[in-house]
2 protein chains.
Amino acid sequence: MIAAATMPAILENSVVTEVPGPLSKAASKQLDAFFDARAIHFVVDYEKSSGNYIVDVDGNRYLDVYAQIASIPVGYNNAALVAAAKSPEMISALVNRPAIGNFPSSNWAELLKQGLFRAAPAGLDNIFTAQSGSEANELAYKACFMLYRRKERGEGVEWTAEETSSCLNNAKPGSPDLAIMSFANSFHGRGFGSLSTTRSKAVHKLDVPSFNWPQAPFPVRKYPLEAHVEENAAEEQRCLREVERLITSWHCPVAGLITEPIQSEGGDNHASPAFFQGLRDITKKHGVVMIVDEVQTGFGATGRFWGHEHWNLTSPPDIVTFSKKAQTAGYFFGDRMLVPDKAYRQFNTWMGDPARVIMCKAVIEEIFDNKLVEQCARVGDLLYAEISKLAERYPEQVKNLRGKGQGTFIAFDTPQPAELVRAMKQIGVNIGTCGVRTVRLRPMLVFEEAHVSTLVSAFDKVLSAL
Amino acid sequence: MIAAATMPAILENSVVTEVPGPLSKAASKQLDAFFDARAIHFVVDYEKSSGNYIVDVDGNRYLDVYAQIASIPVGYNNAALVAAAKSPEMISALVNRPAIGNFPSSNWAELLKQGLFRAAPAGLDNIFTAQSGSEANELAYKACFMLYRRKERGEGVEWTAEETSSCLNNAKPGSPDLAIMSFANSFHGRGFGSLSTTRSKAVHKLDVPSFNWPQAPFPVRKYPLEAHVEENAAEEQRCLREVERLITSWHCPVAGLITEPIQSEGGDNHASPAFFQGLRDITKKHGVVMIVDEVQTGFGATGRFWGHEHWNLTSPPDIVTFSKKAQTAGYFFGDRMLVPDKAYRQFNTWMGDPARVIMCKAVIEEIFDNKLVEQCARVGDLLYAEISKLAERYPEQVKNLRGKGQGTFIAFDTPQPAELVRAMKQIGVNIGTCGVRTVRLRPMLVFEEAHVSTLVSAFDKVLSAL
C-alpha cells in the first residue's frame with residue numbers, strides 16, 4: 001500500500017501568461033521546423049506537473065480534465081508509477097525489448113496475470129497485446145475475419161492453393177469481401193481498417209481509401225432523458241432494426257460489429273443498456289462477433305472498471321479492446337476459436353511493449369489499492385449534480401447534459417465549444433471538446449471532490465461572461 | 001564515451017537440454033492458457049542474456065544471430081541502454097505519457113534533435129513518430145494519399161460538402177480510389193493498409209480483406225551474380241518496365257510506391273543500385289511518392305546506416321520508414337507538402353512513445369560512439385567470405401549466397417531451412433529463416449570477428465551432418 005504517498009494534492013491553478021504563453025509559442029515554433037506542431041495546445045513541463053495538475057513551460061498550472069486525450073489514469077508523477085518505472089523488471093523490459101510471440105521473457109505470464117488479468121472483463125480470459133487502440137481494434141477485426149472463414153471453410157479443412165495464391169494478389173477467394181459494421185459518429189482509430197469503421201469527422205477520413213463496410217445509425221437521444229422516455233426507446237429500436245437489416249442485406253457478410261459504450265470522439269453519445277443488450281442479441285443470432293471498443297471508456301472513467309459493465313448483458317461481448325488509460329493496448333476475448341487456426345496468422349514483431357505492460361500493472365494496482373473506480377463513481381455523481389445546477393443557470397450554454405451515473409464521463413453541448421474551452425484554459429482549466437458542439441470532461445481517476453469545486457467555479461466564471 | 005563498458009564479451013555458447021528445454025516447454029504451456037504460445041521458440045531469461053548471447057530459462061546460452069527478428073541493435077543488457085533506462089527523463093516519459101501532438105514535453109524537440117535526427121537520411125529533415133513499422137508505413141501511405149488529393153484539388157481549394165459527407169460513408173469522392181504499389185514477395189506490415197502491400201506469405205494475408213492495389217514483380221536474380229550480369233540486368237529492366245506499365249494503366253491512380261532495400265521476410269531478395277535508381281526516375285516522372293521501408297534494413301545492419309545509402313540515388317527517396325533496431329518507429333521525409341494541409345489529419349493520441357524515443361537516442365549514441373556501422377561492414381565482409389567457403393564445401397546446402405558488401409545482412413538458400421535452423425539451435429546458435437528456402441543472418445551490430453568463428457563452425461558442424 002502506497003496510498004498515502006499517491007494521494008493527489010489540491011493545488012492552486014494559476015495562469016500568469018496568455019495561453020499559450022510566449023515560451024510555449026517559441027518551443028512550438030522551434031519544433032514545427034521538423035515536426036508538425038499545429039495541434040499543440042501548449043508545451044509541458046512534466047517534471048513540475050503533479051496529480052491532477054499540468055504545468056506548462058510558461059509556469060501556468062492547469063487543473064487537467066482532458067488528461068492527454070483521456071489517457072492519464074492516476075495523475076502526473078504518480079509515486080507508484082515512478083516506483084514501477086524504476087524497477088529492475090522495467091530496466092530489463094526497456095533494454096531487452098523482446099519479440100514476445102517468439103521469445104517471451106520468463107516473467108511475461110506472471111506480468112499479465114498480476115497485471116492486466118486482474119482487470120479482465122468478466123468471461124474474457126484470453127488476451128492479445130498491442131501498442132495502440134487502432135492496432136488493438138484492427139487485430140480484433142482480423143480475428144473476426146479469420147474466424148468467419150474458418151467456420152465457413154469447416155474445421156480442419158486445409159487452405160486451398162487457390163486461396164493461398166490469390167490472397168498474395170489481394171484477390172478473391174483468398175482476400176474475401178467481409179465487413180465490420182460500425183456506427184455513425186463512432187471513432188475506432190486511424191489505421192486503414194480501423195479508419196474504415198471510424199465515422200466521426202471528415203478530418204480523420206478524407207482522402208484515405210476505405211473499405212465498403214456498413215455504417216449503422218447510433219441512437220440520437222433527446223434530453224433530458226426523463227422527458228423523452230418513449231421517444232428514446234423508439235429511436236433505439238429503430239437503430240437496432242437497422243443494424244439487423246444491414247447485417248442481413250449487406251453486399252458481403254458482416255463478420256464483426258464494433259461499438260463504443262459511449263461514443264467519445266463523436267460527441268459523447270450514450271445509449272441505454274437495453275440498446276446494447278439488443279446488439280448482443282442480434283450479433284448472437286447472426287453469428288457476428290461483438291467487439292466493444294473500451295479504448296476511452298475502459299479503466300474506470302465511467303465509475304465501473306469497464307463501460308460495458310453498466311449493461312448487465314446476458315452474455316459477455318466477444319472481444320473488448322483497450323488502450324489509453326491502460327497505458328498499453330490489446331484485446332481480451334473468451335472464445336478460443338478467436339485464436340486463428342495456425343500460428344503466425346495473428347502475429348507481429350513486438351506484439352505490444354512489456355515496458356508499457358509493466359506500467360499498466362502499476363496503474364491497475366493503484367486503481368485497486370485506492371479504490372479509484374469507486375472514487376470516480378462517487379466524485380462523478382457530485383460533479384454531475386453540480387453541472388446540472390450550471391445547466392439550470394445557463395440553459396443556453398449548457399445543453400443536453402449527459403453522463404448521469406457514468407462516473408466523471410460527463411459532457412454537455414454548448415453553442416461555442418472552442419471559445420468556452422479557450423476561456424477555461426485562460427483561467428487554469430485544461431479541458432477538451434468532442435463532436436461538433438460538445439465539451440467533454442475527462443478527469444483522471446484521482447479527481448476528487450475538491451477539484452469539482454475548482455472546475456465548477458471556473459465554468460461559472462466563464463459561462464457568466466460568455 | 002562508454003565504449004569500454006559496452007564491448008560485448010565473447011562467451012561460450014552452450015546447450016544443456018533439448019531445445020526447447022523442459023522449463024521453456026512448461027512456461028509456454030502455462031502461457032498458452034491465455035496467450036497464444038504456438039510461435040514461441042523458447043522462453044528467455046533476459047537478466048542472464050548479454051551482448052550477442054541469449055539465455056533461456058533452461059540455462060541454454062545461444063549466440064543470437066536472429067536478435068528478436070532483427071530488432072535488437074546493440075546487444076542484450078547493453079550498459080549504455082541501461083543508463084538511458086535509468087535516466088530521470090526516462091522515468092518522466094514512462095510515468096507522464098503525453099499526447100505528443102497536443103502536449104509535447106519541453107524536451108521533445110531536443111530529444112529528436114539529439115537522437116533520431118543525428119541519423120536522419122540525407123535530404124529528409126522532417127519526422128513523424130509512430131510505434132511500429134506497420135504504423136509507420138500506414139502513416140506514410142496516408143501522407144501519400146492526402147498529398148495526391150491536395151495536388152489534384154489545387155492548393156488552397158477548400159474541401160467540398162460532398163467530399164466531407166461522403167467520406168464518412170466510405171464513399172467517393174471523399175474516400176477515393178487511390179493505390180500504393182508494392183512488390184511481389186515484399187513485407188510491409190500487418191495492418192489493413194500495410195498488409196495490402198505485403199505480398200510475402202499467405203499466412204500473413206489469408207482471409208483478411210484487402211485493397212485492390214498493384215503488385216509489381218521484384219527482380220529475381222540469378223547467382224552467382226558475376227556469372228549472370230546481363231541476365232540480371234535484363235530482369236531488372238523488365239521489372240522496371242512493368243512498374244511503369246502498372247502505374248500508367250492501373251484502374252486508379254498510384255499515389256505511392258513502397259520498396260524494401262532488401263526484401264527481408266520475403267526471402268532476402270536483393271536488387272542493384274541501378275534498379276532503385278530506375279524506381280526513383282519512374283516515380284519522379286509520374287509524380288508517385290517513393291517510400292523506402294527501412295524497418296529491417298535501417299540502423300546499420302547493411303554496413304551503412306540506411307540500406308538505401310548503397311544506391312547513390314540522384315535525389316533522395318521521398319519517405320523513409322523505420323522501426324525494429326530503432327526500438328521506436330516513424331518516418332522521415334523531406335517535402336513539407338507531405339505535411340497535410342490541415343492539422344489533425346495526420347494525428348493520433350500517442351504519436352509514438354517518448355520512452356522508446358529515449359532508448360533510440362541511446363542506441364544511436366552507442367552506434368556512433370563505437371562506430372558500429374563500420375564494424376558491421378567490416379565483420380560482414382569477413383562473415384560473407386567465410387560463408388562463401390561453406391558454399392563451396394556444401395554446394396547443395398548453401399545456395400544463392402547473397403549480401404556481399406551488405407554488412408551482416410547475409411542469407412542463403414538451403415533445401416531444408418527449418419531443419420538446419422533447428423539443428424543450429426541445438427548446438428547453441430539462435431538463427432532464423434525467411435521466404436520459403438532461406439536462412440537469414442541478422443546479427444546485432446555488436447557482432448564481432450570472434451563471433452564469426454563460432455557461427456561458421458556451428459554451420460560447418462550442422463551442414464556436415466545433414
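Residues numbered from 1 in each chain as written. Chains lettered and ligands numbered in written order. Predicted model: local features only at pLDDT ≥ 70, side-chain atom pairs only at ≥ 80, totals over all residues. Heavy atoms only, no water.

- Under an unreviewed UniProt entry, the name given to chain A is 4-aminobutyrate aminotransferase, and the source organism is Verticillium longisporum.
- Under the UniProt heading Sequence similarities (unreviewed entry), the note attached to chain A is "Belongs to the class-III pyridoxal-phosphate-dependent aminotransferase family."
- A UniProt comment under Cofactor (unreviewed entry) is attached to chain A, and it reads "pyridoxal 5'-phosphate". (UniProt positions renumbered as here; feature names shortened; annotations may be inferred.)

## Quick notes on the overall build of chain A
Next up, step 1: Within chain A, the secondary structure is distributed over 16 helices and 14 strands.
Next up, step 2: Taking 2.2 N^0.38 as the reference for a compact globule, 466 residues should give roughly 23 Å; the C-alpha atoms of chain A span a radius of gyration of 23 Å, in line with that estimate.
Next up, step 3: Overall, chain A is about 70 × 60 × 45 Å in size when its C-alpha atoms are taken along their principal axes.
Next up, step 4: Per-residue burial over chain A gives 67% buried out of 466 residues.
Next up, step 5: For chain A, restricting intrachain contacts to residue pairs at least 6 apart in sequence, the fraction spanning at least 24 positions comes to 72%.
Next up, step 6: Of the roughly 15,300 Å² of accessible surface on chain A, 53% is carried by carbon and sulfur atoms.
Next up, step 7: With 48 positive and 52 negative side-chain charges, chain A shows a spacing of 2 Å between the two charge centroids. (Helix = DSSP H or I, 4+ residues; strand = E, 2+ residues; numbered from the N terminus. Rg over C-alpha atoms; globule rule 2.2 N^0.38 Å. Buried < 20%, exposed > 50% of the residue type's maximum accessible area, 1.4 Å probe, protein only. Contact = heavy atoms within 4.5 Å. Areas by Shrake-Rupley, 256 points an atom, 1.4 Å probe, with all protein chains shown as cover. Lys, Arg positive; Asp, Glu negative; His and termini not counted. Charge placed at Lys NZ, Arg CZ, Asp CG, Glu CD.)

## Some words on unusual backbone geometry
Next up, step 1: Following Lys172 of chain A, the chain continues into Pro173 of chain A via a peptide bond in cis, with omega recorded as 0°.
Next up, step 2: As for its position among the elements, Pro173 of chain A is in the loop between helix H8 (161–168) and strand S4 (179–183).
Next up, step 3: Following Tyr223 of chain B, the chain continues into Pro224 of chain B via a peptide bond in cis, with omega recorded as 0°.
Next up, step 4: You can see Pro224 of chain B is positioned in the loop between strand S5 (215–216) and helix H11 (229–249).
Next up, step 5: Look at Ile69 of chain B: it is not a glycine, yet its phi comes out positive at around 55°.
Next up, step 6: Position of Ile69 of chain B relative to the elements: it lies in helix H3 (residues 67–70).
Next up, step 7: A positive phi is found at Asn185 of chain B, a non-glycine position, where the angle reads about 75°.
Next up, step 8: By secondary structure assignment, the location of Asn185 of chain B is in the loop between strand S4 (179–183) and helix H9 (192–197).

## Re the interface of chain B and chain A
Next up, step 1: Contact residues are listed per partner, giving 119 residues for chain B and 119 residues for chain A.
Next up, step 2: Broken down residue by residue, the surface that chain B buries against chain A is led by Phe34, Phe103 and Asp207 of chain B, which jointly contribute 8%.
Next up, step 3: In this assembly, chain B and chain A are joined by 10 salt bridges.
Next up, step 4: A salt bridge links Arg356 of chain B to Asp353 of chain A, with the shortest nitrogen-to-oxygen separation between them at 2.8 Å.
Next up, step 5: The element contributing the most residues to the side of chain B that touches chain A is helix H7 (residues 133–153) of chain B, with seven residues.
Next up, step 6: By residue class, the composition of the side of chain B that touches chain A is 59 nonpolar, 33 polar and 27 charged. (Buried area = accessible area lost by both parts, 1.4 Å probe. Salt bridge = Lys/Arg side-chain N within 4 Å of Asp/Glu carboxyl O. Nonpolar A, V, L, I, M, F, W, Y, C, P; charged D, E, K, R; others polar.)

## Topic: the pairing of S4 of chain B
Residue and element names in this part refer to chain B.
Next up, step 1: When you tally the buried positions in S4, you get five out of five residues, the bulk of the element.
Next up, step 2: Alternating residues of S4 divide into Ala179, Met181 and Phe183 and Ile180 and Ser182, and every residue in both groups is buried.
Next up, step 3: As paired elements, S4 and strand S6 (residues 254–259) share three bridges and run parallel to each other. When the bridges of S6 are listed, Met181 appears paired with Leu257.
Next up, step 4: With two bridges joining them, S4 and S5 adopt parallel strand pairing. By the bridge assignment for S5, Phe183 is matched with Ala216. (Pairing = 2+ DSSP bridges.)

## Side note on the relation of the copies chain B and chain A
Next up, step 1: Of the two same-sequence chains, chain B is brought onto chain A (RMSD 0.0 Å, axial shift 0.0 Å) by a rotation of 180°. As the rotation angle and translation indicate, the two copies are arranged about a two-fold axis. By C-alpha distance to the rotation axis, the residue of chain B lying nearest is Phe192 of chain B, at 2.7 Å.
Next up, step 2: A share of 100% of the interface residues of chain B reappears at the interface of chain A, consistent with the copies meeting face to face through the same patch. (Least-squares fit on C-alpha atoms with pLDDT ≥ 70 in both.)

## Concerning the side chain of Asp56 of chain A
All names here are of chain A.
Next up, step 1: Assignment of secondary structure puts Asp56 in the loop between strand S1 (53–55) and strand S2 (61–64).
Next up, step 2: Buried charge Asp56 goes without a salt bridge, the closest partner of opposite sign being Lys48 at 8.9 Å.
Next up, step 3: At 2.8 Å, the side chain of Asp56 and the backbone nitrogen of Asp58 are in polar contact.
Next up, step 4: Those residues in contact with Asp56 that sit more than four places away from it in its chain are Ser24, Phe42, Val43, Val44, Asp45 and Tyr62. (Polar contact = N/O pair within 3.5 Å; in protein donor to acceptor, adjacent residues only side chain to side chain.)

## Focus: the state of the cysteines
Residues and elements named next belong to chain B.
Next up, step 1: Going through the model one piece at a time under the given rule, you end up with zero disulfides over all chains.
Next up, step 2: The thiol sulfur of Cys239 is not disulfide-bonded, and the nearest other cysteine sulfur, from Cys434, lies at 19 Å.
Next up, step 3: On the accessibility criterion, Cys239 (0% relative accessible area) is buried. (Disulfide = S-S within 2.5 Å.)

## A few points about the sheet that holds strand S10 (residues 399–402) of chain B
All names here are of chain B.
Next up, step 1: The four strands lie next to each other as S10-S11-S14-S13, forming an open sheet whose pairing is antiparallel. Of all the strands in the sheet, just S10 and strand S13 (432–434) have a single pairing partner and so form its edges. Going across the sheet, the axis of each strand differs from the next one's by a mean of 25°, ignoring polarity.
Next up, step 2: As judged from the three bridges shared by strand S11 (residues 411–413) and strand S14 (residues 438–440), these two strands associate in the antiparallel manner. The residue bridging Ala411 from the neighbouring strand is Arg440, located in S14.
Next up, step 3: Here helix H15 (residues 417–426) sits on the sheet in contact with S11, S13 and S14, set at roughly 35° to S14. (Axes fitted to C-alpha atoms, helices over the stretch in contact; angles between N-to-C directions.)

## Looking at the sheet that holds strand S8 (residues 319–322) of chain A
Residue and element names in this part refer to chain A.
Next up, step 1: Strands sit in the order S3-S9-S8-S7-S6-S4-S5 across an open sheet of seven strands; the sheet is mixed. Every interior strand has two partners, whereas the edge strands, strand S3 (126–130) and strand S5 (215–216), have only one.
Next up, step 2: Here strand S7 (residues 289–293) pairs with S8 via three bridges, running parallel. Bridging across to S8, Asp293 finds its partner in Thr321.
Next up, step 3: In the packing of helix H11 (residues 229–249) onto the sheet, the strands contacted are S4, S5 and strand S6 (254–259), and the crossing angle to S4 comes to about 165°.

## So, the domain arrangement of chain A
Size of an interface, as often reported, equals the accessible area lost when the parts are brought together.
Residue and element names in this part refer to chain A.
Next up, step 1: Assigned domains within chain A: domain 1 (22–77 + 371–464) and domain 2 (86–156 + 166–369).
Next up, step 2: Computed from C-alpha atoms alone, the centre-to-centre distance between domain 1 and domain 2 is 26 Å.
Next up, step 3: If you look at the interface, domain 1 gives 29 residues, while domain 2 gives 27 residues.
Next up, step 4: Roughly 2,300 Å² is buried in total at the junction of domain 1 and domain 2, and carbon and sulfur atoms are behind 57% of that figure.
Next up, step 5: Considering only the side of domain 1, the residues that lose the most area to domain 2 are Val373, Gln406 and Phe409, jointly responsible for 26% of the buried surface there. (Domains from an automatic or database assignment.)

## What to know about the environment of Leu445 of chain A
Residues and elements named next belong to chain A.
Next up, step 1: On the secondary structure map, Leu445 appears in the loop between strand S14 (438–440) and helix H16 (449–465).
Next up, step 2: Judged by relative accessible area, Leu445 falls into the buried class, the value being 1%.
Next up, step 3: Between the C-alpha atom of Leu445 and that of Pro73, which follows or precedes it by 372 residues, the distance is 5.8 Å.
Next up, step 4: In contact with Leu445, not counting residues within four places along its chain, are Pro73, Phe299, Gly300, Ala301, Lys325, Ile367, Leu372, Gln375 and Cys376.

## With respect to helix H14 (residues 372–393) of chain A
All names here are of chain A.
Next up, step 1: Between its terminal C-alpha atoms H14 stretches 31 Å, which fits the 32 Å expected from 22 residues at 1.5 Å a residue.
Next up, step 2: Within the span of H14, buried status applies to Leu372, Val373, Gln375, Cys376, Val379, Gly380, Leu383, Tyr384, Ile387, Ser388, Leu390 and Ala391.
Next up, step 3: For H14, the elements touching its buried residues are helix H13 (354–369), strand S10 (399–402), strand S11 (411–413) and H16. (Expected span 1.5 Å × (residues − 1).)

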